[in-house]
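# Descriptive structure summary
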Amino acid sequence: MRILIHRDEGIGNLLLSIPAINSIRKNLPNAEINVLIESRAYDLAVGHPSIDHLYKWPEIPKGKFDFGLNFVFSSGTFLSEMRKICKNIISHPKVSFTTKSEALHNLEIAGQIGGWDGKYYPSSIYLSEKEENYGLKITKELQRPIIAIHIGCQTSIPVHRKRFWRMNGWVELLGLFSKKYDPTFILLGGEGEISESKLLFSLVKDRIRVVDMVGKYRIKEGASILKNSDLLISIDSGIMHLASVVGTRFVSLWGPTSEIKSQPWCDQRNYAVVRDETLSCRQCYTRNPRLFQQCTNQICMKNITSEMILDSIEKHGFLTGKN
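A brief report on the enclosed structure follows. (Residues numbered from 1 in each chain as written. Predicted model: local features only at pLDDT ≥ 70, side-chain atom pairs only at ≥ 80, totals over all residues. Heavy atoms only, no water.)

### Here we look at unusual backbone geometry
- For the bond from Trp 57 to Pro 58, the omega torsion is 20°, close enough to zero to count as cis.
- Positionally, Pro 58 belongs in the loop between strand 3 (53–56) and strand 4 (65–69).
- Omega for the peptide link from Arg 144 to Pro 145 comes to 5°, which places this bond in the cis form.
- Mapped onto the secondary structure, Pro 145 falls in the loop between helix 6 (129–139) and strand 6 (146–150).
- Phi at Asp 182 is positive, roughly 50°, even though this residue is not glycine.
- Structurally, the position occupied by Asp 182 is in the loop between helix 8 (167–181) and strand 7 (184–187).
- The backbone of Gln 298 shows a phi angle near 45°, a positive value even though the residue is not glycine.
- The residue Gln 298 is located in the loop between helix 13 (289–294) and helix 14 (299–302) in this model. (Helix = DSSP H or I, 4+ residues; strand = E, 2+ residues; numbered from the N terminus.)

Written as structure tokens, this is what we have:
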């Protein structure tokens, strides 16, 4: 059986697809699993033991496939190509991100071809020895606890801009943590997030220990840094999902996006969600896209305070080992 799977979005979307890929590998051990990726997440899938062949768009795999799995969501452009080379296209019969996660949707799609038995399958990545050692080298001389920080960016892409937490909040938060835990902070992020992180670095560098790694590493090297950190504080992002895969505890800040749809696929004791529970408009990106487009004040993110984040971390014992 030849199977073709397509992923055309970000790091988090790929990592929420890996449980289904791992499940197919276990339940259909003789299947040939082909994965086509057209985003920066491609490097993250290299070497994965559950994937037989990995392709990067616009390269189209040769030959015919028995099944094309339309993991939520493949682009319309690729779906037209998939129909040319796949005998059967398998999609989810009823997508509902208000009730179940993206990872579970993908597992249910795999189940339609016998690739899921209803059991839990983790997300995972493959790190080479060199990649494993990268994080060790970066962190070995740093004073612990080591707290990784991902603040995101304020780009023209609405979903990125509207989940950005205010800069003065980050400055205040790092100051509070510095007084209480005397940690070393590591700023993480991609090339598109350099300007925001540089600003944060300039605002805090004279008062706390902070290392700016934004835009200075490959994605798997970033996973290795996370693996060797004690905690991550992040917005809803691919880096948050990377932490969930490598087993690092994390606290994530949520506003317009949905912690149901993008639920980290890991032990729930390893992370905490910080959000303003009082707002009925929260999660508008999933529940009310029109409201999301119209919103200009991002009150759901502005209402998050540094005290809420600190309280959540202490409640879960993430830096004291009490959880």
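### Description of helix 2 (residues 18–27)
- Across the ten residues that make up helix 2, a large majority, eight, are buried.
- Restricting attention to buried positions, one finds in helix 2 the residues Ile 18, Pro 19, Ala 20, Ile 21, Asn 22, Ser 23, Ile 24 and Arg 25.
- Packing partners of the buried residues in helix 2 comprise strand 1 (2–7), helix 1 (11–15), strand 2 (32–37), strand 4 and helix 5 (102–111). (Buried < 20%, exposed > 50% of the residue type's maximum accessible area, 1.4 Å probe, protein only. Contact = heavy atoms within 4.5 Å.)

### Examining the sheet that holds strand 10 (residues 250–253)
- If you trace the six strands from one edge of the open sheet to the other, you get 8-7-6-9-10-11, paired in parallel fashion. At either margin of the open sheet sits one strand with a lone partner, and together these are strand 8 (209–212) and strand 11 (271–274). Neighbouring strand axes in the sheet, compared pairwise and without regard to direction, differ in orientation by 20° on average.
- Sheet topology note: the strand 9 (residues 231–235)/strand 10 ladder contains four bridges and is parallel. (Pairing = 2+ DSSP bridges. Axes fitted to C-alpha atoms, helices over the stretch in contact; angles between N-to-C directions.)

### Quick notes on the side chain of Glu 221
- Locating Glu 221 in the fold gives a position in helix 10 (residues 219–227).
- It is Arg 218 that comes nearest to the buried, bridge-free Glu 221 among opposite-charge side chains, at 5.0 Å.
- At a separation of 2.8 Å, a polar atom in the side chain of Glu 221 contacts the main-chain amide nitrogen of Arg 218. (Lys, Arg positive; Asp, Glu negative; His and termini not counted. Salt bridge = Lys/Arg side-chain N within 4 Å of Asp/Glu carboxyl O. Polar contact = N/O pair within 3.5 Å; in protein donor to acceptor, adjacent residues only side chain to side chain.)

### A short note on the packing of helix 6 against helix 10
- At a closest axis distance of 7 Å, the pairing of helix 6 and helix 10 adopts a crossing angle of 55°. Between helix 6 and helix 10, the interaxial angle falls into the category oblique. For the pair helix 6 and helix 10, the sense of crossing is right-handed. Of helix 10, the residues touching helix 6 (which contributes Glu 131, Glu 132, Tyr 134, Gly 135, Leu 136, Ile 138 and Thr 139) are Lys 220, Glu 221, Ser 224, Ile 225 and Lys 227. (Parallel < 35°, antiparallel > 145°, perpendicular 65-115°, else oblique. Left-handed = near helix turned anticlockwise from the far one by under 90°.)

### Describing helix 8
- With 15 residues, helix 8 should reach 21 Å at 1.5 Å per residue; the first-to-last C-alpha distance of 21 Å fits that figure.
- Among the residues of helix 8, Met 167, Gly 169, Trp 170, Val 171, Leu 173, Leu 174, Phe 177, Ser 178 and Tyr 181 are the ones counted as buried.
- Lining the buried residues of helix 8 we find strand 6, strand 7, helix 9 (194–204), strand 9, strand 10 and helix 15 (306–316).
- Directly after helix 8, the chain includes Asp 182, whose backbone phi takes a positive value near 50°. (Expected span 1.5 Å × (residues − 1).)

By themselves, these are just geometric observations and shouldn't be taken as functional.
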